[in-house]
Amino acid sequence: MAAALVALAGCSHSRPDRSPSTIQVDIEISPTSTDPRFATDAISSRIEELIFDSLVKSDGDGRFAGHLAESVERPSPTEIVFHLKHGVRFSDGRALTARDVLFTYHSVLAPESMSPKRASLEQLRTIDAPDDYTIVMTTARPYAPALELATEGIVPAGTPLPAEQNAAAPIGSGPFRMADYQRDEAIRLERNPYFPHPPDAVQSILMKIVPDPTVRALELAEGVCDFSGNNIEYDVLPWLAMHQSLEVSKTPGTTYRYLSFNFRDPRLRDLRVRRAIAYSIDRNTIVNTMLRGTGRVATGLLSPGNWAYEGNVTSYSYDPEKARQLLDQAGYPARSNGMRGLTFEFKTTPEGARMGEVFQAMLQRVGIELTIRTLDFATYYADIQAGNFDLTSLQWVGINDPNFYYMVFDSKKTPPHGQNRSYYSNSSMDSLVEAGMSNLHPEARRKIYAHVQQLAAEELPYVSLWWVDNVAVMNRRLVGFDAFPNGSFRSLATLTLSGLDGGGDSSQ
Amino acid sequence: MTIVVAIVAGAILGPLLFRADPLSIDLANILAGPSRAHPLGCDSLGRDVLARIMFGARLSLSISTIVVAISLVVGSLIGATAALSGGPIDNVIMRGVDIVLAFPGILLAIALAAILGPGLIDLTIALTAMGWTGYARIVRGEVLTLRERDYVLAAQTLGASPPRLLLRHLLPGVVGPLAVQATFGIGGIIGAEAALSFLGLGAIPPTPSWGNMLDAGRAFLLVAPHLTTAPGLAIGFTILGFNLLGDGIAQKVGNRA
Amino acid sequence: MIHYLVRRLIALAPVALGVVTLTFAIIHLVPGDPVVAMLGETAAPADIVGMRHQLGLDRPLLEQYFAYLGGLAVGNLGESISYRKPVARLIAERFPATIELAATGMLVALLLAFPLGLIAGANPGGAGDLGAMGFAIVGISIPHIYLGPLLMILFSLDLRWLPLTGRGGLEHLVLPALTIGTAMAAILARMLRQSLIRVRESDYMRTALSKGLSARAALIRHGFKNALTSVVTIIGLQMGALLSGTLITEIIFSWPGVGRLLISAIGARDYPVVEGCVLTFAMTYVVVNMATDLVYAIVDPRVRMS
């Protein structure tokens, strides 16, 4: 009976008809917004990068390169001048000029547009276009990471605000344009004819939204999907690696995973308790087993590739005995069953629950009880952004300039003003990060941030867990993929396809 | 019958005999397949699957037995009350039963569990709401029939008090159908508990329940199907056992009546 | 016939009202503050008060109840907190998917049950009977949450014949429908077998045989009619199981129906949506039950008279 039904349904695993120079990329969720003025989450940013261009872009380690801007000058500590390239066109042929840049920034800054990116432009005082190919930005005070202000994706002047979530992206000047968008189904990107690209480069990208991780793995194995970045389960990687047609590439990344505390809870304000928690987590084992080696135990927010990285900081090896001693000292003696009457709630999404159970078991060994509360992503994220949690584990993606420390650790940057969701408050940290923000000399900044990293490792506003490697699984017919440390998809724009067809499943 | 005995025995004795701890995480053994040390393999955190199955057995069996016991008592009382009170009260109660029955099975349990939140006590409450109606109907039916029976009327004229009457004459008639209902009920509640735990509305991690083991196994179908097969077969065989038992009892009861 | 229809419709009203009231009671009378659950314990008191007012939870319970009833009458189920869209619209978008799945599941159940039941009932005690009933008892015992993944492993991952999850063409319906239909098929098959056996031993048969009809013809003519009534009864009784089974199967196969909406709304503590979905399922059940009663009445005239 079942066989009959199956025969009726027919086989469904031939490769869909695609033109030879199209590739399929599987992503796990729809972008929250296709308009660069509103895109803050990782997926939206990855897609946005392929469609829009900005004055400058970072290479993920904090160094900036000009894109729309041909050159940059700093005539005074509070002024930055960008000279735009000539001949840049939007995908509909329009020339990109300073007017478009001005328009984009004004629409982000306008209060009525309610753009979530407005907060990141806080330090921008004025922006002007003295002529068609010059942009001048000024800041209220000397602002070291000023170039970060210039990373907004540019839309043509006059582009309306997004009416609803299902709208296709506006016109951009990047390597691709969004030809079609079916929310929760697929996004089709086609080449922007005015953006220079190598002659054999891929002409179009089909980004299919596939929420089920097993299906993503299957599609890769069968050759239906050509590329997937950072969305394959670690345990499935060895299985995928067995396929001749696939290449699994692991490169060190800047994504930083950490454990965050609620400093409004007096128990967590006690440094000894936080230290005890740090000593009780066996990060090495987790990276080697659960993450299957796709990570590096982290010392702080900045990863070793960052120009301001300081590795000489307090480290916390796995030492449960020390953890127990600290908890004793902090006034939480162990009872007969080993527990100390310390209970915290760990909030997580369903995907993070497994890691939560690991933390739960490790903390239990030193006498701390961790209860796990699982929420769906939207509810969870809203809670986290409001600071509504005891303990939780998150990651920061795409950290560029060390000024990021200001956004997450300065006591004035609590929600809704910034990302200090822990409500951490330390006056030494405040003075350091504020100094780092306004000092324009790289050497001086490096020294300041060395202090910041040392302080952070001492005081543990976060417990650093690990830096996540970027894992890309791709069909071998894709040639020329360059992994960016921040997991960017940018290199999809310069991919070419080799003649040999990676084909489908050939491992069984 | 044999299956049920085997499973119950396994649930009680297993944790005693087996040294493996269902909660101990062993990250080196993530998703390990079956081996000498771990006859059913390990789960996504290296925990021994066999140990978790046994603890899950204990959970499923104890919860379903408790739920069925409570449902039986509550349902019987309500049914008896309805039948004895007669008239309008009976009507109201029976309407109430109809309304509860108007909710498709597990939906009621899900709705209650959703509002009450996860956790074993709330789970028990939610599951009880599902099943009591069957027992109410059975008892009510019996009591109504009895009221009209000759020997009851005779006993009443002889001066026997109603409670005594109930116990002596009601029980024999009611035990059979109730037993059948209860046996199938246990099987059903085991299934319902598994479904609720699967949906995240029952046992909270790290407590193992066959249902949440199946849910956890879903992400690893590709590389570790044993995580699905073990709890799945466990539930299947247990429910099968109770169904067979129920069938058997039903035949015995049918023969007598 | 019309009389019966009207009478049943009138009887429907109190049950429907009861269902609505019960749903309302579950959501609103259970201990615990839904607003705190939604916004979190550390939410600002002003936000909590504001949300409570927005949801109308600060009004007296009776007033809320009547407002709810009033809303229902015009099809207003409130607004979803997470989606910021009317609940009725969210449900309407997903209802067809759920019906598609439930109906196909029922179809599969019937397609599986008839041959099995006939084989079993035609020759009780024979090999076919044992085989069919063996399959049936197993089918009843395997829970959806195992059967679904089992079918996935076999047909999607190992054989690669069918897609794993999601809704799409006919091939996407096969596994979910099988998952739902197997348990129902097992129950229906048993019932069919029962009624066939009864018919064989009944007066009808003896009369028909004495008239000279062959056993098979008699079986077909009288057996079918009786079987039909029993099948309709069982279908009616199993509707609840069908709907719950559909709910669970939607989760397993990532099917975009009302069940999946319900579960994600539970996770998001989106109580208006939870209430709406529960009500939708319950009312569907009530309506389908009424429909089965009607079919029953058509098939068996005796019912109409009672």
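For clarity, every value in this text was computed on a predicted model and none was experimentally measured.

Colleague: Help me understand the overall build of chain A, please; the structure alone is not making it clear to me.
Modeller: Check the secondary structure of chain A and you find 14 helices and 19 strands. Against the compact-globule benchmark of 23 Å for 508 residues, chain A has a radius of gyration of 24 Å, which places it among compact chains. Once the C-alpha set of chain A is aligned to its principal axes, its extents read approximately 75 × 70 × 40 Å. In chain A, which comprises 508 residues, the proportion classed as buried is 56%. A separation of at least 24 residues holds for 70% of the contacts in chain A among residues at least 6 apart in sequence. For chain A, the accessible area works out to roughly 20,200 Å², and carbon and sulfur atoms hold 51% of it. Computed over 49 positive and 60 negative side-chain charges, the separation of the two mean positions in chain A equals 4 Å.

Colleague: In this structure, what is going on with the overall build of chain C? I would like to understand it.
Modeller: Counting secondary structure elements, chain C contains 13 helices and zero strands. Mapped from its N terminus to its C terminus, chain C presents α and β elements in the order α-α-α-α-α-α-α-α-α-α-α-α-α. Here chain C holds 306 residues, and 51% of them are scored as buried. When the accessible surface of chain C is summed, it comes to about 13,700 Å², and 67% of that surface belongs to carbon and sulfur atoms.

Colleague: Explain the packing of aromatic side chains to me, please; I cannot follow it from the model alone.
Modeller: Within a pair of aromatic rings, the relevant descriptors are the distance that separates the centres and the angle that separates the planes. Counted according to the given criterion, the structure contains 19 aromatic pairs over all chains. The interplanar angle of 35° and the centroid separation of 5.5 Å between the aromatic rings of Phe24 of chain C and Tyr68 of chain C together place this pair among those described as tilted. Of this pair, Phe24 of chain C sits in helix H1 (residues 2-29) while Tyr68 of chain C is found in helix H4 (residues 61-73), placing the two residues 44 residues apart along the sequence. The burial state of Phe24 of chain C is the same as that of Tyr68 of chain C; both residues are buried. Following the ring pairs from residue to residue traces out a cluster consisting of Tyr256, Tyr258, Phe263, Trp396, Phe404, Tyr405, Phe409, Tyr424, Tyr449 and Tyr462 of chain A. Against the face of Tyr423 of chain A rests Arg264 of chain A, its NZ or CZ located 3.9 Å from the ring centre. The ring centre of Phe55 of chain B lies 5.2 Å from the NZ or CZ of Arg58 of chain B, which sits over that ring.

Colleague: I would appreciate a short explanation of the nonpolar core in the present structure.
Modeller: Nonpolar side chains tend toward joint burial in soluble globular proteins. Counting residues in hydrophobic clusters, the biggest one holds 251 residues, and the most contacted among them are Leu55, Tyr105, Met137, Leu240, Ile277 and Ile286 of chain A together with Ile110 of chain B. If you tally residues by element for this core, the top one is helix H5 (residues 87-122) of chain C, at 13 residues. Each residue touching Ile286 of chain A, except ones within four places of it in the same chain, is listed here: Ile281, Leu291, Met355, Val358, Phe359, Met362 and Trp466 of chain A together with Leu27 of chain B. Residues Ile43, Ile47, Leu478 and Ala493 of chain A belong to the second largest nonpolar core, which totals 28 residues.

Colleague: What exactly am I supposed to notice about the pattern of salt bridges here?
Modeller: Side chains bearing opposite charge may pair, as long as their charged atoms lie close to each other. The tally for this structure, following the rule as stated, stands at 33 salt bridges over all chains. Among the salt bridges present, the one from Arg94 of chain C reaches Glu93 of chain C, with a minimum N-O distance of 3.4 Å. Its relative accessible area of 18% is what places Arg94 of chain C among the buried residues. One continuous salt-bridge network, built from bridges that share partners, spans Glu357 of chain A together with Asp43, Arg47 and Arg52 of chain B.

Colleague: What should I look at first to understand the interface of chain C and chain B in this one?
Modeller: Many authors give the size of an interface as the accessible area that is lost as the parts come together. At the interface, 36 residues of chain C touch 38 residues of chain B. When the two sides are added together, the surface that chain C and chain B hide from each other amounts to roughly 3,300 Å², 83% of it contributed by carbon and sulfur. Counting across the chain C and chain B interface gives zero salt bridges. Broken down by secondary-structure element, the contributors of at least two residues to the side of chain C that touches chain B are H1, helix H6 (127-141), helix H7 (144-158), helix H10 (215-252), helix H11 (258-267) and helix H12 (271-299) of chain C. Looking at the side of chain C that touches chain B, its residues break down into 30 nonpolar, five polar and one charged.

Colleague: Would you mind going over the sheet that holds strand E6 (residues 124-131) of chain A with me for this structure?
Modeller: Strand pairing in a sheet is mediated by backbone hydrogen bonds. Such pairs are either parallel or antiparallel. Residue and element names in this part refer to chain A. The four strands lie next to each other as E4-E5-E7-E6, forming an open sheet whose pairing is antiparallel. Strand pairing shows two members of the sheet lacking a second neighbour, strand E4 (69-76) and E6, which therefore form its edges. Ignoring which end each strand starts from, the neighbouring axes of this sheet average 20° apart. Pairing geometry for strand E5 (residues 79-84) and strand E7 (residues 134-139), over five bridges, is antiparallel. Bridge pairing in E7 links Glu79 to Thr138.

Colleague: How do you make sense of the environment of Ala113 of chain C when you look at a structure like this?
Modeller: Residues and elements named next belong to chain C. Residue position: Ala113 is located in helix H5. In the structure, Ala113 is positioned 74 residues away from Ile187 in sequence and 8.1 Å away in space, judged by C-alpha atoms. The contact partners of Ala113, leaving out residues within four places of it in the chain, are Ala185, Leu188, Ala189 and Leu192.

Colleague: Could you clarify how one ought to interpret the pairing of strand E17 (residues 462-475) of chain A in this entry?
Modeller: Looking along a regular strand, one sees the side chains alternate between the two faces of the sheet. Residue and element names in this part refer to chain A. Counting buried positions along E17 yields 14 of 14 residues, so the element is predominantly enclosed. Where strand E11 (residues 227-229) lies against E17, three bridges are found, and the strand directions are antiparallel. By the bridge assignment for E17, Phe227 is matched with Met474. By the bridge criterion, three bridges tie strand E13 (residues 295-297) to E17 in an arrangement that is antiparallel. Its bridge partner being in E17, Arg296 is matched across the sheet by Trp467.

Colleague: What should I look at first to understand the side chain of Ser107 of chain A in this one?
Modeller: Within the element layout of this structure, Ser107 of chain A appears in helix H3 (residues 98-109). Every residue in contact with Ser107 of chain A, bar those within four places of it in the chain, is listed here: Arg37 and Ser113 of chain A.

Colleague: Teacher, can you tell me more about the packing of H1 of chain C against H4 of chain C here?
Modeller: Working note: a packed helix pair is described by the angle between its axes plus the distance between those axes. Residues and elements named next belong to chain C. As a packed pair, H1 and H4 sit with axes 11 Å apart at the nearest point and diverge in direction by 130°. Relative to H4, the element H1 lies oblique. In this structure, H1 meets H4 at a crossing whose hand is right-handed. Here Leu17, Val20, Thr21, Phe24, His28 and Leu29 of H1 lie close against H4, whose contacting residues are Leu61, Gln64, Tyr65, Tyr68, Leu69 and Leu72.

Colleague: Any chance you could explain unusual backbone geometry here in plain terms?
Modeller: Note: most peptide bonds trans; most residues except glycine with negative phi. All names here are of chain A. One non-glycine residue, Arg292, lies in positive phi territory at about 50°. Tracing the sequence through the fold places Arg292 in the loop between helix H8 (283-289) and E13. A positive phi angle is found at Tyr423, which is not glycine, with a value near 60°. Position of Tyr423 among the secondary structure elements: in the loop between helix H12 (404-409) and helix H13 (427-438).

Colleague: Is there a simple way to think about the pairing of E5 of chain A in this case?
Modeller: Strand direction decides the pairing type here: E4 of chain A and E5 of chain A, joined by five bridges, are antiparallel. Each residue of the ladder has a partner; that of Ala69 of chain A, found in E5 of chain A, is Leu84 of chain A.

Colleague: Could you clarify how one ought to interpret a nonpolar patch on the surface in this entry?
Modeller: Taken together, the side chains of Ile2, Leu5, Val6, Leu9 and Ile10 of chain C define a hydrophobic patch exposed on the protein surface, amounting to about 450 Å² of accessible area. Topologically, Ile2 of chain C is positioned in helix H1.

Colleague: Whenever I open this one, the confidence of the model for chain A confuses me. Can you help?
Modeller: Atomic detail in the predicted coordinates should be set aside for any region of low pLDDT. Residues and elements named next belong to chain A. Confidence along chain A averages 87 in pLDDT terms, with 93% of residues attaining 70 or more. Here helix H1 (residues 2-9) stands out as the least confident element of chain A, with mean pLDDT 44; helix H7 (residues 271-280) is the most confident, with 95. In this model residues 1-17 is a low-confidence stretch, pLDDT under 50, and it forms 28 contacts with partners more than four residues away in sequence or in other chains.

Colleague: Whenever I open this one, the environment of Ile125 of chain B confuses me. Can you help?
Modeller: All names here are of chain B. Tracing the backbone shows Ile125 in helix H5 (residues 120-148). For Ile125, a relative accessible area of 44% gives the class partly exposed. Linking Ile125 and Ala109, residues 16 residues apart in sequence, is a C-alpha distance of 8.4 Å.

Colleague: Explain the side chain of Lys57 of chain A here, please?
Modeller: Residues and elements named next belong to chain A. Considering the arrangement of structural elements, one finds Lys57 in strand E2 (residues 56-58). We classify Lys57 as buried; its relative accessible area is 10%. Among the polar contacts made by the side chain of Lys57, one reaches the main-chain carbonyl oxygen of Glu49 at a distance of 3.5 Å. Discounting chain neighbours no more than four positions away, the residues touching Lys57 are Glu49, Phe52, Arg63, Phe64, Ala65, His67 and Arg490.

Colleague: Looking at this model, I keep getting lost on the packing of H5 of chain C against H11 of chain C. Mind explaining?
Modeller: All names here are of chain C. The N-to-C vectors of H5 and H11 enclose an angle of 130°; their axes lie 7 Å apart at closest approach. One way to sum up the angle between H5 and H11 is to call them oblique. Contacts between H5 and H11 involve Leu90, Ile91, Arg94, Phe95 and Thr98 from the first element and Val258, Gly259 and Leu261 from the second. For the contact of H5 with H11, the per-class residue count stands at five nonpolar, two polar and one charged.

How each quantity is defined
Residues numbered from 1 in each chain as written. Chains lettered and ligands numbered in written order. Predicted model: local features only at pLDDT ≥ 70, side-chain atom pairs only at ≥ 80, totals over all residues. Heavy atoms only, no water. Helix = DSSP H or I, 4+ residues; strand = E, 2+ residues; numbered from the N terminus. Rg over C-alpha atoms; globule rule 2.2 N^0.38 Å. Buried < 20%, exposed > 50% of the residue type's maximum accessible area, 1.4 Å probe, protein only. Contact = heavy atoms within 4.5 Å. Areas by Shrake-Rupley, 256 points an atom, 1.4 Å probe, with all protein chains shown as cover. Lys, Arg positive; Asp, Glu negative; His and termini not counted. Charge placed at Lys NZ, Arg CZ, Asp CG, Glu CD. Phe/Tyr/Trp six-rings, centres within 6.5 Å; stacked < 30°, edge-to-face > 60°. Lys NZ or Arg CZ within 6 Å of the ring centre and 35° of its normal. Core = buried A, V, L, I, M, F, W, Y, C linked by side-chain atoms within 4.5 Å. Salt bridge = Lys/Arg side-chain N within 4 Å of Asp/Glu carboxyl O. Buried area = accessible area lost by both parts, 1.4 Å probe. Nonpolar A, V, L, I, M, F, W, Y, C, P; charged D, E, K, R; others polar. Pairing = 2+ DSSP bridges. Axes fitted to C-alpha atoms, helices over the stretch in contact; angles between N-to-C directions. Parallel < 35°, antiparallel > 145°, perpendicular 65-115°, else oblique. Left-handed = near helix turned anticlockwise from the far one by under 90°. Patch = residues over 30% accessible without salt bridge, like charges linked within 9 Å, V, L, I, M, F, W, Y side chains within 5 Å. pLDDT = per-residue confidence, 0-100. Polar contact = N/O pair within 3.5 Å; in protein donor to acceptor, adjacent residues only side chain to side chain.

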